[in-house]
Amino acid sequence: MDQNRSAKDSMALIFLSVIALLGVGFFTIRLWFPDLLNSKEEKINTIVDEEIDDDEDIPKISVDELKTKFDNNESFILIDVQNTEDYIQATIPTAISVPLTEIDQRYEELPKNKQIIATDAGGSCQECSRAVEILRDYGFADIKKLNGGVIAWSNAGYPVINGSEITFKNINSDILLDFVDAGEEVVIIDVRDKEKYDAGHIVGAIYMPFEGLAQNIDTMPKNKKIIIYDESGNRSKIAIKQFIYKGYMEVANLLRGYNDWQANNYPTEKN
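Please read these numbers as outputs of a predicted model, since none were measured by experiment.

## Details of the environment of Glu109
Take Glu109: it is sitting in the loop between helix H5 (103–106) and strand E4 (115–119). On the accessibility criterion, Glu109 (52% relative accessible area) is exposed. A C-alpha to C-alpha distance of 9.6 Å links Glu109 and Val98, two positions eleven residues apart in sequence.

## A word on the pairing of strand E2 (residues 76–80)
Counted residue by residue, E2 has five buried out of five residues, so it is predominantly covered. Here E2 shows two buried faces, one formed by Phe76, Leu78 and Asp80 and the other by Ile77 and Ile79. Both E2 and E4 contribute to a ladder of five bridges, which runs parallel. Bridged to Ile77 within E4 is Ile116. Here E2 pairs with strand E3 (residues 96–97) via two bridges, running parallel. From the neighbouring strand, Asp80 faces E3, where its bridge partner is Ser97.

## So, helix H3 (residues 63–71)
Among the residues of H3, Val63, Leu66, Lys67, Lys69, Phe70 and Asp71 are the ones counted as buried. The elements touched by buried residues of H3 are strand E1 (60–61), E2, E4, strand E5 (143–146) and helix H7 (149–155). Just downstream of H3, Asn73 is the residue with a positive phi angle, here 55°.

## Description of the sheet that holds strand E9 (residues 186–190)
One open sheet accounts for five strands, arranged E8-E13-E12-E9-E11; its pairing is parallel. A strand with exactly one partner marks an edge of an open sheet, and here the two such strands are strand E8 (169–171) and strand E11 (206–207). Pairing of strand E12 (residues 225–229) with strand E13 (residues 251–254) involves three bridges; the strand directions are parallel. Pairing of Ile226 across the sheet is with Val251, part of E13. Contacts between helix H11 (residues 235–245) and the sheet are confined to E9, E12 and E13, with E13 contributing the most and set at about 175° to the helix.

## Thoughts on the nonpolar core
Formed by 17 residues in total, the largest nonpolar core has its most connected members in Ile79, Ile103, Leu110, Ile116 and Leu135. Ignoring anything within four residues of it in the chain, the contact list for Ile103 reads Val98, Ala131, Ile134 and Leu135. Listed in part, the 16 residues of the second largest apolar core include Val191, Met208, Ala239 and Tyr248.

## Focus on the pattern of salt bridges
Per the stated rule, a full pass over the model turns up 16 salt bridges. For the salt bridge of Glu133 with Arg130, the shortest nitrogen-to-oxygen distance reads 3.0 Å. Taken together, the positions of Glu133 and Arg130, both in helix H6 (residues 126–137) and three residues apart, correspond to about one turn of that helix. Given a relative accessible area of 8%, Arg130 falls into the buried group. The salt bridge involving Lys169 is made with Glu250; its shortest N-O contact spans 3.9 Å. Here Glu250 lies in the loop between H11 and E13 and Lys169 lies in strand E8, a separation of 81 residues in the sequence. The exposure class of Glu250 is partly exposed, given its relative accessible area of 24%. Each of the salt bridges in this network shares a partner with another, and the network as a whole consists of Lys67, Asp71, Lys169 and Glu250.

## Looking at H6
Between its first and last C-alpha, H6 extends 17 Å over twelve residues, near the 16 Å set by a 1.5 Å rise per residue. Of the positions making up H6, those classed as buried are Cys128, Ser129, Arg130, Ala131, Val132, Ile134 and Leu135. Just past H6, the residue Gly139 takes up positive phi, approximately 100°.

Parameters at a glance
- Counting restarts for each chain: residues are numbered from 1 in the order of the written sequence.
- Only residues with pLDDT of 70 or above have their local features reported here, since the model is predicted, and side-chain atom pairs are shown and tallied only from 80 upward, although totals for entire chains, interfaces and linings are computed over all residues.
- Hydrogens are left out, water is left out, and the side-chain values use all remaining heavy atoms of the structure.
- Secondary structure elements follow DSSP: runs of H or I no shorter than four residues count as helices, runs of E no shorter than two count as strands, and numbering proceeds from the N terminus.
- Think of it in three bands: with a 1.4 Å probe and only protein chains considered, a residue is buried below 20% of the maximum accessible area for its type, exposed above 50%, and partly exposed in between.
- If DSSP finds at least two bridges between two strands, the strands pair.
- In what follows, a contact means two residues having at least one pair of non-hydrogen atoms within 4.5 Å.
- Here an angle of 0 to 180 degrees is reported between the N-to-C directions of two axes, which are lines fitted to C-alpha atoms, with helices fitted over the stretch in contact.
- Each nonpolar core is a collection of buried residues, namely Ala, Val, Leu, Ile, Met, Phe, Trp, Tyr and Cys, held together in the definition by side-chain atoms within 4.5 Å.
- Salt bridges are counted wherever a side-chain nitrogen of Lys or Arg sits within 4 Å of a carboxyl oxygen of Asp or Glu.
- Helix span, as expected, comes to 1.5 Å for every residue beyond the first.

Below, the structure is given as structure tokens:
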């Protein structure tokens with residue numbers, strides 16, 4: 001009995017000694033190496049919450065300048081540094097999601113031989129500014145923040161991706177006729193079946209079949225208004241999304257399609 005009690009007392013003493021040693025070790029590390037105990041969450045909060053001392057030093061680009069880059073088909077990388085949930089709610093077409101909290105781990109995914117443009121939701125764009133500072137520290141020389149972010153882009157009337165949906169412009173037949181009569185450079189695209197196009201289409205419309213549309217989009221200019229129509233306006237909405245995903249910003253859907261144009265007795269032609 002006494003032997004069992006002695007063994008238990010020895011085990012308890014050993015256990016208490018281990019706890020004491022761990023406590024001393026923790027205190028020593030805390031005293032001499034405090035950074036090693038910072039949690040990942042604390043580091044992330046530091047990145048996000050740190051204020052920018054001199055935002056004037058951050059290179060900037062306006063939404064109109066970004067739109068011009070899209071129109072001119074310039075080569076650049078657009079990153080959205082919002083958190084994933086906000087990115088899904090609203091972002092700019094072609095933007096890659098690189099949350100600010102992940103930028104230290106993912107900067108190697110970005111090419112250093114192309115211009116990088118950073119956007120966030122908008123307002124003061126503190127997340128954009130932090131992203132620019134961090135990437136410059138990693139050797140990115142050509143990087144700018146988008147002034148006003150996604151909010152400013154949307155307020156300027158440019159398309160925004162909302163989850164799986166895209167906002168885009170609709171115009172009616174009267175507006176399209178005004179464009180044509182005024183001699184504006186408008187590209188009109190008919191995505192109906194070939195036999196319907198041959199039987200009658202809007203004057204000057206280009207035939208671009210809905211099937212295989214993605215393979216032909218890049219042949220269209222980005223610096224002109226593009227109007228897309230089908231029979232009643234269903235397929236054309238899907239077609240527009242494919243254009244916007246490829247960076248086309250001046251693209252609109254003809255409401256009620258060819259049916260409405262024809263019902264108004266506006267000019268048509270046959271092949």
